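Summary of structural features
Listed here are the chains, written in short residue letters.
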Amino acid sequence: MKHPVLNYGLIFCLCAVMAAVGCRGRQEATPPREFMAMGTLASIRTGADEMVSPETVEREVRAEFADLEGRLSIYRPDSEISRLNAAGTNPVAISPATRVILKQAIHYGEVSGGAFDVTIGPLVRLWGFSGGKVPRGLPDEKALEEARKRVGFQLIILDASRVAMREPGMFVDLGGIAKGYAVDCAWTRVQAEGGQNVLINLGGNMRVMGRPASDRLWRVGVRNPFDGDSVMGHLELVPGQAVATSGNYERFMMIEGHRYAHILDPRTSRPVEGMAGVTVLAPTATEADAWSTILFIVGIEAGQALLADHPGIEALWVPDREPHEIRVTPGLAKVFQPVPEWRGLLKINHP
Ligand code: ADP
Ligand code: MG
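Summary of the structure given here. (Residues numbered from 1 in each chain as written. Chains lettered and ligands numbered in written order. Predicted model: local features only at pLDDT ≥ 70, side-chain atom pairs only at ≥ 80, totals over all residues. Heavy atoms only, no water.)

**Focus on the packing of helix α4 (residues 96-111) against helix α8 (residues 285-307)**
What counts is decided by this rule: As a rule, the C-alpha atoms of each element are fitted with a line to give its axis, helices using only the stretch in contact, and angles between N-to-C directions run from 0 to 180 degrees. A run of H or I in DSSP becomes a helix once it reaches four residues, and a run of E becomes a strand once it reaches two; helices and strands are each numbered from the N terminus. Roughly parallel refers to an angle under 35 degrees, roughly antiparallel to one over 145, roughly perpendicular to one between 65 and 115, and oblique to any angle outside these ranges. Here a residue-residue contact requires only that any non-hydrogen atoms of the pair lie within 4.5 Å. In this count, Pro and Cys sit with the nonpolar residues alongside Ala, Val, Leu, Ile, Met, Phe, Trp and Tyr, while Asp, Glu, Lys and Arg are called charged and the others, Gly among them, polar.
Packing of α4 against α8 brings their axes to within 11 Å, and their N-to-C directions diverge by 5 degrees. Taken together, the axes of α4 and α8 are roughly parallel relative to one another. When α4 is examined against α8, the residues Gln104, Tyr108 and Val111 are found in contact with a partner set consisting of Thr286, Glu287, Ala290, Trp291, Ile294 and Leu306. When the residues that make up the contact of α4 with α8 are grouped by side-chain class, the tally is six nonpolar, two polar and one charged.

**Thoughts on the site of ligand 1**
The test is simple: A cutoff of 4 Å decides nearness: a residue is near a molecule or strand if any of its heavy atoms lies inside that distance of it. Here a polar contact is recorded for every N or O atom pair within 3.5 Å, except that within protein the pair must consist of a potential hydrogen donor and a potential acceptor, and residues adjacent in sequence are included only if both atoms are side-chain atoms. The method behind every accessible area is Shrake-Rupley, applied with a 1.4 Å probe, and residues are considered shielded solely by the protein chains displayed.
Looking at ligand 1, there are 18 residues lining it, with Asp173, Ser246, His262, Leu264 and Thr293 nearest. Within the side chain of serine 246, one N or O atom sits 2.6 Å away from an oxygen atom of ligand 1. In this structure, an oxygen atom belonging to ligand 1 sits 2.9 Å away from a side-chain N or O atom of aspartate 289. The protein chains hide 96% of the 560 Å² of surface that ligand 1 would expose on its own. In terms of residue count, α8 provides more of the shell around ligand 1 than any other element does, three residues in total. Partitioned by chemical class, the residues of the shell around ligand 1 number seven nonpolar, six polar and five charged.

**Notes on the pattern of salt bridges**
Formally: We define a salt bridge as a side-chain nitrogen of Lys or Arg found within 4 Å of a carboxyl oxygen belonging to Asp or Glu. Partly exposed describes any residue whose relative accessible area lies between the buried limit of under 20% and the exposed limit of over 50%, with all areas from a 1.4 Å probe on protein chains only and scaled to the type maximum.
Scanning the model with the defined rule gives 19 salt bridges in all. When the shortest N-O distance is used, the salt bridge between glutamate 69 and arginine 76 registers 3.8 Å. You can call glutamate 69 buried: its relative accessible area is 17%. Where glutamate 301 meets arginine 327, a salt bridge forms, and the shortest distance between an N and an O atom there is 3.5 Å. Remark: arginine 327 occurs in strand β17 (residues 326-328) and glutamate 301 occurs in helix α8; sequence separation between them is 26 residues. Here glutamate 301 falls in the exposed class, since its relative accessible area comes to 56%. Through salt bridges with shared partners, a single network forms among Arg33, Glu55, Glu58 and Arg62.

**Topic: the packing of aromatic side chains**
Given two aromatic rings, their pairing is described by the distance between the two centres and the angle made by the two planes. Our working rule: Here a pair means two rings of Phe, Tyr or Trp (six-membered ring of Trp) with centres within 6.5 Å. Their orientation is stacked below 30 degrees between planes, edge-to-face above 60, and tilted elsewhere. Note on criteria: charge over ring means Lys NZ or Arg CZ within 6 Å of the ring centre, with the direction from the centre no more than 35 degrees off the ring normal.
Considering all chains together, one arrives at four aromatic pairs under this definition. When the centroid spacing of 6.3 Å and the interplanar angle of 70 degrees are considered together, the rings of tyrosine 108 and phenylalanine 116 count as edge-to-face. Phenylalanine 116 matches tyrosine 108 in its accessibility class, with the two residues each being buried. Considering the side-chain rings of tyrosine 108 and tryptophan 291, the 6.4 Å spacing of their centres and the 80 degrees angle between planes classify their relative orientation as edge-to-face. One end of the pair, tyrosine 108, is in helix α4; the other, tryptophan 291, is in helix α8, and 183 residues separate them in sequence. Tyrosine 108 gets classed as buried once you look at its relative accessible area, which sits at 4%. For tryptophan 291, a relative accessible area of 2% puts it in the buried group. In this arrangement the basic side chain of arginine 207 is found over the ring face of tryptophan 187, its NZ or CZ atom lying 3.6 Å from the centre.

**Section: unusual backbone geometry**
The linkage connecting glutamate 322 with the following residue, proline 323, adopts the cis geometry, with an omega of -5 degrees. Tracing the backbone shows proline 323 in the loop between β16 (314-319) and β17. Phi at methionine 38 is positive, roughly 45 degrees, even though this residue is not glycine. Its location among the elements puts methionine 38 in the loop between β1 (33-37) and β2 (40-46). Look at methionine 38 and you get buried, because its relative accessible area is 17%.

**Regarding the nonpolar core**
Selection rule: We call a set of buried residues a nonpolar core when its members are Ala, Val, Leu, Ile, Met, Phe, Trp, Tyr or Cys and they connect through side-chain atoms within 4.5 Å of each other.
If you look at the biggest cluster of nonpolar residues, it comprises 71 residues, and the most contacted ones within it are Phe65 and Leu174. With residues up to four places along the chain from it excluded, the contact list for phenylalanine 65 reads Phe35, Ala37, Met38, Ala42, Ala182, Val183, Ala186, Ile200 and Leu202. Within the second largest apolar cluster, 22 residues are counted, among which are Ala29, Leu199, Val243 and Ala276.

What follows is the structure in structure tokens.
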């Protein structure tokens, strides 16, 4: 009579253990809480073990994005950047947050050899982006040349609390770095609130904290630039890491039947052609955002060469041509899991 009791006991214990394991296995991060910020879609997720509530994380992130939008947006006439753009060559007082991002932007101008230029505004607007008038045809050479004279990050004069521009008619456009910077600021704010397992996303600029669950890493899809409904593969992010994508498929201009990307090459004064998308992994979202724009402009060979001096930055390029291929840095190859359709199209760059 003892044995059946023992057996039942054992079965019960086993069931209890299996239920506990099953339960832990099923622990998931919260679904994304989405909202609009800085002219794009933002979202946050919290991990299964997160102690700070999703409501609190969302509130803090929203507050940070709203604050920065008020300081940096070219669409807000009273922002610090709009006041700078309207001030001619007069100095304008700026807050520490604005100073930090301007300093960063100038830094990326230097490291990219001028490919990244935060004073690109006159050209961006001439091509009809960032509040410019939609052009009827291609801008003519004279207009391009005239706008180009007002582009040059070296013409920004930054001191402890003020900024000025050396030439009248200059226009700062932080579109290539502001969202990444905002994600980092929000990330720091959530961490100060005690957050430990969070994903923050602002228009594809993401940074994670911790993990979605104790047994795995945050995993993000890399969109197929030729088909918005599918992904080419997934990237796993180590705690703290950031990812960003620059593409020619979301914001572009049709001129004379041709599609032009919203990323311009200051060396030619023209939209970059030949690149469909670039995704970058970096220690911070500011770096990921700036580098995704830089590597979109300079392309694969020059980009891979630039990265030799920047360990920790890994990239994935998708050229805008057939046959399709994905080119990746050796470091990115280690954490990228392509879907079967793209697996054979993956090529690893020589470092
Ligand atoms: P997205 O805005 O889609 O996230 P990016 O991060 O690549 O894409 O930034 C593109 C934006 O950067 C453009 O809309 C424009 O505001 C700005 N931009 C365009 N060309 C340059 C450039 N050469 N250097 C710096 N910023 C640029
Ligand atoms: Mg960018």
